[in-house]
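Chain and residue survey
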Amino acid sequence: MTKQKNEQKCADNQEVKGAPEAEKNEQQNEQQPEATDNVAEEQQPEADKTATVADEAAEWKDKYMRLSAEFDNYRKRTLKEKMDLIESGGEDVIKSMLAVMDDFERALAAMQSATDVASVKEGVELIQHKMCDTLKAKGVSEIEAVGLPLDTDLHEAVAKFPAGDDKKGLIIDVVQKGYKLKEKVIRYAKVVVGE
């Protein structure tokens, strides 16, 4: 009987000793799902971050596409406006020249029946002055040349002519007048230079 009691005590001891181990195992089993829950929670923010980054990338791509389309439309619109300006840019100058053209037509009609040459000459001179005033109003000015040294930015030498030492290197005659529009040369003066 003693033997049976000893065996039963050992079994009871094992149950008592096994109880804390069982509790530990249960606690570990309970903690393991929590750990996997933590991993799942950590993975969810990463998934959310990935989704957020993808959304931001899509948003930026959409903004880029819209901006690119707007810039393309702006470029096309400004190009069209430039073409319109080029086509109608001379309209103002042409309108101002129409008054001079009318004067020329009246002068030609008057010359048909005119007997006084002096009055015709005076009329043509008035038209020429009106033409010069109209051009000046638009910013056109004549390039000065006679008596000045040759300036290749303004003058084009078409001939050299022997002249005295006092006129050497200076412009002695103008073959064709030159003009500037504000500060830009629109036609170089063709000149004869003394040598």
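Every chain begins its residue count from 1, and numbering advances along the sequence as written. Thresholds applied to this predicted model are a pLDDT of at least 70 for local features of residues and 80 or more for the giving and counting of side-chain atom pairs; totals over whole chains, interfaces and linings are not thresholded and use all residues. Just so you know, side-chain values use all the structure's heavy atoms and leave hydrogens and water out.

1. Comments concerning the overall build of the protein chain
Helix and strand content of the protein chain: three helices and six strands. By definition, any uninterrupted DSSP run of H or I lasting at least four residues is a helix, any uninterrupted run of E lasting at least two residues is a strand, and each is numbered from the N terminus. Along the chain direction, N to C, the helices and strands of the protein chain fall in the order α-α-α-β-β-β-β-β-β. Counting the 195 residues in the protein chain, one finds 9% classified as buried. Only the protein chains shown count as cover for residues, with accessible areas throughout obtained via the Shrake-Rupley method and a probe of 1.4 Å. For the protein chain, the accessible surface area stands at approximately 16300 Å², while carbon and sulfur atoms represent 55% of it. Buried means the residue's accessible area, taken with a 1.4 Å probe over protein chains only, is under 20% of the maximum for its type, while exposed means over 50%, and partly exposed covers the values in between.

2. As for the environment of Glu-144
Along the chain, the position of Glu-144 falls in the loop between strand 1 (140-142) and strand 2 (155-161). Note on Glu-144: relative accessible area 58%, which makes it exposed. Remark: the alpha-carbon pair of Glu-144 and His-155, spanning eleven residues in sequence, is separated by 9.3 Å.

3. Observations concerning a nonpolar patch on the surface
Excluding any residue in a salt bridge, patches collect residues exceeding 30% relative accessible area, merging like charges within 9 Å and nonpolar Val, Leu, Ile, Met, Phe, Trp and Tyr side chains within 5 Å. Definition used for salt bridges: Asp or Glu carboxyl oxygen within 4 Å of a side-chain nitrogen of Lys or Arg. A surface patch of nonpolar side chains, about 320 Å² in accessible area, is lined by Leu-79, Met-83 and Ile-86. Its place among the elements puts Leu-79 in helix 1 (residues 2-88).

4. Description of the sheet that holds strand 6 (residues 189-194)
Read across the sheet, three strands follow the order 2-6-3 without closing on themselves; strand pairing throughout is mixed. A single partner strand is all that each edge strand has here, and the edge strands are strand 2 and strand 3 (171-176). Ignoring which end each strand starts from, the neighbouring axes of this sheet average 30° apart. As paired strands, strand 2 and strand 6 are joined by six bridges and run parallel to one another. Pairing between strands is defined by DSSP: at least two bridges between them are needed. Geometry is summarised by axes, namely lines fitted to C-alpha atoms with helices restricted to the contacting stretch, and by angles between N-to-C directions that run from 0 to 180 degrees.

5. Concerning the pattern of salt bridges
One pass over the structure, following the stated rule, counts nine salt bridges. Asp-84 is the salt-bridge partner of Lys-80, the closest N and O atoms lying 3.4 Å from each other. Taken together, the residues Lys-80 and Asp-84, both in helix 1 and four residues apart, mark about one turn of the helix. Residue classification places Lys-80 among the exposed residues on the basis of a relative accessible area of 54%. A relative accessible area of 35% places Asp-84 in the partly exposed class.

6. With respect to the layout of surface pockets
Here the largest pocket defines a volume of roughly 210 Å³. Here the term cavity refers to a set of points on a 1 Å grid, laid over the protein atoms alone, in which a 1.4 Å probe fits but cannot get out; the term pocket refers to an open set having protein on both sides within 12 Å along at least five of seven lines, with lining residues being those that place an atom within 4 Å of a point. Taken together, Gln-128, Met-131, Cys-132, Leu-135, Lys-136, Val-140, Ser-141, Glu-142, Lys-177 and Tyr-179 form the lining of the largest pocket. Where the lining of the largest pocket is concerned, the elements lending two or more residues are helix 3 (117-137) and strand 1. A total of five residues in the lining of the largest pocket trace back to one element, the largest contributor, which is helix 3. Grid points are joined across faces, edges and corners, and a volume is the space filled by probe spheres set on the points.

7. Brief notes about the pairing of strand 5 (residues 184-187)
Summarising the sheet, strand 4 (residues 179-181) and strand 5 pair through three bridges and their orientation is antiparallel. Directly across from Leu-181, in strand 5, lies its bridge partner Lys-184. Here strand 4 folds back onto strand 5 in antiparallel fashion, the turn holding two residues, of which Lys-182 has a positive phi close to 60°.

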